[in-house]
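# What the coordinates show
Here is what each chain is made of, one letter per residue.
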Amino acid sequence: MSLFDIDFSARAKARASIVIAAPRDAVWARIADPETWPNWNHGVEWVGAVGRMTPGTKFEWRAGGMTFRSTVQALDAPSFIGWTSASTVISARHIWCLTAEGATTRIDTAESFRGAYATILPSHAKRAIHRALEQGLSDLKIECEGRRPRRAA
């Protein structure tokens, strides 16, 4: 496990978990390939070219009407990934922890926001994080369990 985590002193933060009926490597393959996120995560509008994810990898993506510039801070495949992100009004820290549980995978994810949005509207920002985490996990579960066709790229 990495020492990288969300910012516990941030004004807006949330956590979410889910169990997916798929092997950890299959789930990891979706999370660790941001270029495919728009194919299965309805909250992600686009992701720029990324390449192989390693600590220090930088990538740009758009979600919730905002463009984020992210940097992978910690990675222990296929168990953990964490990155920082910045937009015009948010400074974020996001983590994913994957635990194999037999034929299933437990995912624990969390995110924290600092910046103008979290300072001015902390309750709204917290709800937005929680909704995005829950929606992303739900979409990931559907994708990994093969319950819907993939969206066109």
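Since this is a predicted model, take the numbers as computed values, not measurements.

### Focus on the overall build of the chain
Regarding its fold elements, the chain presents four helices and seven strands. For the chain, the C-alpha radius of gyration of 15 Å lies close to 15 Å, the compact-globule estimate for 153 residues. Counting only C-alpha atoms, the chain reaches 45 × 35 × 30 Å along its principal axes. Sorting the 153 residues of the chain into buried and exposed places 44% on the buried side.

### Some remarks on the side chain of S70
Position of S70 relative to the elements: it lies in strand β4 (residues 66-76). Here W61 takes part through its side chain, which lies 2.8 Å from a polar atom of the side chain of S70. Here S70 is in contact with T57, K58, F59, W61, W83, T84 and S85, once residues within four sequence places are set aside.

### Quick word on the layout of surface pockets
When its volume is computed, the largest pocket comes out at roughly 480 Å³. Taken together, 24 residues form the lining of the largest pocket, with G43, W61, A63, E111 and A132 sitting closest to its centre. Listed by contribution, the elements that provide at least two residues to the lining of the largest pocket are α2 (37-40), β3 (58-63), β4, β5 (80-86), β6 (91-101), β7 (104-114) and α4 (122-144). In terms of residues, the lining of the largest pocket owes the most to one element, α4, which gives six residues. A per-class count over the lining of the largest pocket returns 16 nonpolar, seven polar and one charged.

Parameters at a glance
- Note on numbering: residues in each chain are counted from 1, in written sequence order.
- The predicted origin of the model limits local features to residues at a pLDDT of at least 70 and limits the giving and counting of side-chain atom pairs to 80 or more, whereas totals for whole chains, interfaces and linings rest on all residues.
- Excluded from the side-chain calculation are hydrogens and water; included are all heavy atoms of the structure.
- Helix and strand assignments come from DSSP, with helices taken as H or I runs of at least 4 residues and strands as E runs of at least 2, each series counted from the N terminus.
- Atoms counted for the radius of gyration: C-alpha only. Globule rule: 2.2 Å times the number of residues to the power 0.38.
- The cut-offs for exposure are 20% and 50% of the maximum accessible area for each residue type, with area from a 1.4 Å probe on protein chains only; residues under the lower value are buried, those over the upper are exposed, and the others partly exposed.
- What qualifies as a polar contact is a pair of N or O atoms within 3.5 Å, subject to a donor-acceptor requirement within protein and to the restriction that residues adjacent in sequence count only when both atoms come from side chains.
- Two residues form a contact once any of their heavy atoms are found within 4.5 Å.
- Using only the protein atoms, space was sampled on a 1 Å grid; points where a 1.4 Å probe fits but cannot get out form cavities, open sets with protein on both sides within 12 Å along at least five of seven lines form pockets, and lining residues are those with an atom within 4 Å of a point.
- Grid points are joined across faces, edges and corners, and a volume is the space filled by probe spheres set on the points.
- Residues are grouped as follows: Ala, Val, Leu, Ile, Met, Phe, Trp, Tyr, Cys and Pro are nonpolar; Asp, Glu, Lys and Arg are charged; every other residue, Gly included, is polar.

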